[in-house]
Amino acid sequence: MATGLLVLGIGASTRLLTFMVGADKTYEATIALGASTVTDDAEGDVTATADASLLEMDAVRSAAAPLTGEIEQVPSAVSAIKVDGKRAYARVRGGEDVELKARTVTVSRFDLANFRPGGLARVDATIDCSSGTYIRALARDLGATLGVGGHLTALRRTHVGDFRVAEAVGTDDISPDSLIDPVTAVAKFLPVEELTAENAQLLRNGRRPDSDITGLVAAVHEGTLIGIARGQAGKLVPVANMPENTQDEKRNKGSENAQ
């Protein structure tokens, strides 16, 4: 039911994923109005139904308006959030009633289109949101606002920050040649700072070279990612260094695997 973009890190580049966890995301979704499910999507058992045949697009758009902007959202009960050390979905599947606390999320766009009326109406949505937003919960809350219940029937992630599904490769096409080099990848979510050879070596050695940089940056020297560093108090402080010759190692390993 869920498709689209998944950003993967390979080898040493897995350490870069930490710095893009909070990236905003874009989804394309289809929402069914007129039925609620235990999972808030089409994979769960139906818990309630209502006739949605009188709904019109204007009413659906009006119901979506309060779900836009900075909102307090209760995550879907069937989620990976831990409750007293146990995943919420495991508690629900064990027969427990789970009530999760609301979290602040931002939905910067909740555009609706292609409304299909009926007893179980459907509408397509394009959603820009902050990390941690549950699209299933938006479908649930949209249906609740309209008084008919709602759930998600299809979901496709099209953006993670500046990574786009249109630029991605299919799982069958992953190869060493299809990988994005670390400098190109990191530039999609952090400012890039070119270092001198001296400062690059100092940073590699865990030293703190003088710098007027502020905030988190990707430290680069002559096309090689040295690591992630933070500029503070007149120094460039190493946060996560990359092994030397990462790109050469990647190519060599790819050649070995091909052989």
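The structure displayed is predicted, hence computed values, not measured ones. (Residues numbered from 1 in each chain as written. Predicted model: local features only at pLDDT ≥ 70, side-chain atom pairs only at ≥ 80, totals over all residues. Heavy atoms only, no water.)

Participant: So, the overall build of the protein chain: which residues are in play, and what are the values?
Facilitator: Scanning the protein chain for helices and strands turns up 6 helices and 15 strands. Buried positions account for 41% of the 259 residues belonging to the protein chain. Sequence-distant contacts, at least 24 apart, represent 67% of the contacts inside the protein chain between residues at least 6 apart. Surface exposure of the protein chain reaches about 14100 Å², of which carbon and sulfur atoms provide 47%. (Helix = DSSP H or I, 4+ residues; strand = E, 2+ residues; numbered from the N terminus. Buried < 20%, exposed > 50% of the residue type's maximum accessible area, 1.4 Å probe, protein only. Contact = heavy atoms within 4.5 Å. Areas by Shrake-Rupley, 256 points an atom, 1.4 Å probe, with all protein chains shown as cover.)

Participant: Can you break down the pairing of strand 14 (residues 224-232) residue by residue, with the values?
Facilitator: As a general feature of sheets, a regular strand has side chains that alternate between the two faces. Looking at chain direction, strand 13 (residues 215-221) and strand 14 are connected through 7 bridges and run antiparallel. Bridge assignment links Ala 218 to a residue of strand 14, and that residue is Ile 228. Following strand 13, the chain reverses through 2 residues before pairing antiparallel with strand 14; Glu 222 in that reversal takes a positive phi of roughly 50°. Bridge count between strand 14 and strand 15 (residues 235-241): 6 bridges; the pairing is antiparallel. Residue pairing for strand 15: Ile 228 is matched across the bridge by Ala 240. What sits between the antiparallel neighbours strand 14 and strand 15 is a turn of 2 residues, in which Ala 233 has the positive phi angle 50°. (Pairing = 2+ DSSP bridges.)

Participant: Kindly report on the environment of Pro 117, identifying the contributing residues and their values.
Facilitator: The topology assignment puts Pro 117 in the loop between strand 8 (103-116) and strand 9 (121-129). Spatially, the C-alpha atoms of Pro 117 and Leu 54 are 7.8 Å apart, while their sequence positions differ by 63 residues.

Participant: Tell me what's going on with the environment of Val 60, and back it up with residues and numbers.
Facilitator: Within the secondary structure layout, Val 60 lies in helix 1 (residues 57-64). When sequence neighbours within four positions are dropped, the list of residues in contact with Val 60 reads Leu 33, Leu 112, Phe 115, Val 123, Leu 142 and Leu 146.

Participant: Give a description of the pattern of salt bridges that names residues and reports values.
Facilitator: By the definition in use, this model includes 7 salt bridges. Note that Arg 140 and Asp 141 form a salt bridge whose closest N and O atoms lie 2.8 Å from each other. Asp 210 is the salt-bridge partner of Lys 235, the closest N and O atoms lying 2.5 Å from each other. Here Asp 210 lies in the loop between helix 5 (197-204) and strand 13 and Lys 235 lies in strand 15, a separation of 25 residues in the sequence. Overall, the relative accessible area of 33% leaves Lys 235 in the partly exposed class. Three or more residues are tied together by salt bridges with common partners; here these are Asp 40, Arg 140 and Asp 141. (Salt bridge = Lys/Arg side-chain N within 4 Å of Asp/Glu carboxyl O.)

Participant: Would you mind going over the packing of helix 1 against helix 3 (residues 135-146) in detail, with residue names and values included?
Facilitator: At a closest axis distance of 9 Å, the pairing of helix 1 and helix 3 adopts a crossing angle of 120°. When the interaxial angle is binned, helix 1 and helix 3 end up oblique. For helix 1 against helix 3, the interelement crossing comes out right-handed. Listed contacts from helix 3 to Ala 59, Val 60, Ala 63 and Ala 64 of helix 1 are Leu 142, Thr 145 and Leu 146. Of the residues in the contact of helix 1 with helix 3, the class split is 6 nonpolar, 1 polar and no charged. (Axes fitted to C-alpha atoms, helices over the stretch in contact; angles between N-to-C directions. Parallel < 35°, antiparallel > 145°, perpendicular 65-115°, else oblique. Left-handed = near helix turned anticlockwise from the far one by under 90°. Nonpolar A, V, L, I, M, F, W, Y, C, P; charged D, E, K, R; others polar.)

Participant: Could you give me a rundown of the environment of Gln 232, with the residues and numbers involved?
Facilitator: Checked against the element boundaries, Gln 232 lands in strand 14. For the pair Gln 232 and Asp 212, spaced 20 residues apart in sequence, the C-alpha separation works out to 8.0 Å. Discounting chain neighbours no more than four positions away, the residues touching Gln 232 are Ile 213 and Val 237.

Just geometry here; none of it tells us what the structure is for.
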